[in-house]
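Working through the structure, step by step
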Amino acid sequence: MHPGQTTLTLDPPFSRLTRDHLVTYSSGVMDDDLVFKALADPTRRFLLDRLFERDGRTLSELESGLEMTRFGVMKHLRILEDAGLVITRKVGREKHHFLNPVPIRLIHDRWIDKFAERQISALADLKRELENDR
Amino acid sequence: MTTLMTTQIYRVYIKTTPQAIWDAITMPEWTARYGYTGYVEYDLHPGGTYRVRPTEGFRAAAEAMGNSIPDVIIDGEVLEADPPHKLVTTFRMLMDPTMAAEPVTRITQEIRETGKGVCSLTLTHELEGAPVLASIVGGSLEDEGAGGGHAWILSELKTLLETGKTFAE
């Protein structure tokens, strides 16, 4: 097991759970898995970029930049929503999409910072060793 | 429509109770420990005042960078308080004259139990007409030393509540 890894027992129909059930595995390792999976697709990254430029877009606005069926875009948005990267708000008949940067921030704070720190301390160690050798 | 375009929404899942999240948002001994730090003061009923004063450390850091900061860095009014589930306030940042001159914005914080000991905290910041504040709380000025905004605050709040420690501790 990797450091920090925990064993999660998932219900068998895990893959069919809707986002209302996200909470059952929302803490810990599963969260990161969903985020990484959601980000591992150029269309979904494109959708996030569009929301980064301007938040609150509707499905029609989001699909306008893509050569894809409405259903295809909806599917991608659902994956982003399941990963917590997109939050939707209904206003009247329109559903608006907002970029939630928190899951990416959590990965940044948990992983990137850790490795950046290690690199810096490795450099400091190297400097110390080189200077001692002189 | 324009309102929505200037609204930012953040959500974090935290393994804790609604009351613990509520306390961490509304009690100065908690707010001094995460994010930008600062001592909050809430008069938790509609029309009540909401203020944030800088911690000694925050003030010292700002002064070291040559910035003097006011005694009250955020002020607002409580619009709705339903502990431990919903808190709506207005929000005005007084850290610099540009932001202080922008229109008053509005923050809604909602805490929901989602089962298995996990709660969601959703923060909605309506930022109509306040582009400078929007870029600060959106984290886009982080490289200039303005902190990572709401996402950074919520990430550290989660760490604090789940581990008992902040990033620095």
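Note that the coordinates shown come from a computational prediction; the quantities given were computed from them, not determined experimentally.

So, on to the overall build of chain A. Regarding its fold elements, chain A presents five helices and three strands. Listing every helix and strand of chain A by position from the N terminus yields α-α-β-α-α-β-β-α. When the 134 residues of chain A are sorted by exposure, 25% land in the buried category. For chain A, restricting intrachain contacts to residue pairs at least 6 apart in sequence, the fraction spanning at least 24 positions comes to 50%.

Of the regular secondary structure elements, chain B holds seven helices and seven strands. For a compact globule of 169 residues, the expected C-alpha radius of gyration is about 15 Å, and chain B comes in at 15 Å, within 12% of that figure. Expressed as lengths along the three principal axes of its C-alpha atoms, the size of chain B is roughly 45 × 40 × 30 Å. Every one of the 169 residues in chain B was classed for burial, and the buried ones make up 32%. Taking the intrachain contacts of chain B between residues at least 6 apart in sequence as the baseline, contacts between residues at least 24 apart amount to 51%.

At the junction of the two partners, chain B supplies 21 residues and chain A supplies 18 residues. For the side of chain B that touches chain A, the secondary structure elements donating two or more residues are α1 (2–5), β1 (7–14), β6 (105–115) and α7 (149–163) of chain B. Broken down by class, the residue content of the side of chain B that touches chain A amounts to 11 nonpolar, six polar and four charged.

Looking now at the sheet that holds strand β2 (residues 86–91) of chain A. All names here are of chain A. If you trace the three strands from one edge of the open sheet to the other, you get β1-β3-β2, paired in antiparallel fashion. Strands with a single pairing partner mark the edges of an open sheet, and in this sheet they are β1 (57–58) and β2. Its contacts with the sheet place helix α2 (residues 42–53) against β1 and β3 (94–99), and it is angled at close to 95° to β3.

Looking at chain B, pLDDT values average 92 and 98% of them are 70 or higher. Two numbers describe this predicted complex: its pTM, 0.82, and its ipTM, 0.87.

Looking now at unusual backbone geometry. All names here are of chain B. Here the bond from Pro 83 into Pro 84 is cis, since omega is -10°, no more than 30 degrees from zero. Mapping Pro 84 onto the fold places it in the loop between β4 (74–82) and β5 (86–93). Phi is positive for Thr 37, which is not a glycine, with a value near 60°. Look at Thr 37 and you get partly exposed, because 18 C-beta atoms sit within 10 Å. Not every positive phi belongs to a glycine, and Lys 116 is a case in point at roughly 50°.

Leu80(A), Ile21(B), Leu121(B) and Leu154(B) are the most contacted members of the largest nonpolar core, which totals 49 residues. Of the residues forming this core, the biggest block, seven residues, is contributed by α7(B). Beyond its immediate chain neighbours, meaning those up to four positions away, Leu121(B) contacts Arg11(B), Val12(B), Ile14(B), Ile21(B), Gln109(B), Ile111(B) and Leu154(B).

All names here are of chain B. An order of β1-β7-β6-β5-β4-β3-β2 is seen for the seven strands of this open sheet, with the pairing classed as antiparallel. Looking at which strands have only one partner, the edges of the open sheet turn out to be β1 and β2 (39–42). Taken over all neighbouring pairs, the strand axes of this sheet differ in orientation by 20° on average, direction set aside. Strand direction decides the pairing type here: β5 and β6, joined by six bridges, are antiparallel. Across the sheet, residue Lys 86 finds its bridge partner in β6, namely Glu 110. Helix-sheet contacts for helix α2 (residues 18–26) involve β1, β2, β5, β6 and β7 (118–126), and the interaxial angle to β6 is about 155°. Relative to β1, α7 is tilted by about 15°, and along the sheet it contacts β1 and β7.

Criteria and cut-off values
- Residues numbered from 1 in each chain as written.
- Chains lettered and ligands numbered in written order.
- Predicted model: local features only at pLDDT ≥ 70, side-chain atom pairs only at ≥ 80, totals over all residues.
- Helix = DSSP H or I, 4+ residues; strand = E, 2+ residues; numbered from the N terminus.
- Buried ≥ 20, exposed ≤ 12 C-beta atoms within 10 Å, placed from the backbone.
- Contact = placed C-beta atoms within 7 Å.
- Rg over C-alpha atoms; globule rule 2.2 N^0.38 Å.
- Nonpolar A, V, L, I, M, F, W, Y, C, P; charged D, E, K, R; others polar.
- Pairing = 2+ DSSP bridges.
- Axes fitted to C-alpha atoms, helices over the stretch in contact; angles between N-to-C directions.
- pLDDT = per-residue confidence, 0-100.
- Core = buried A, V, L, I, M, F, W, Y, C linked by C-beta atoms within 7 Å.

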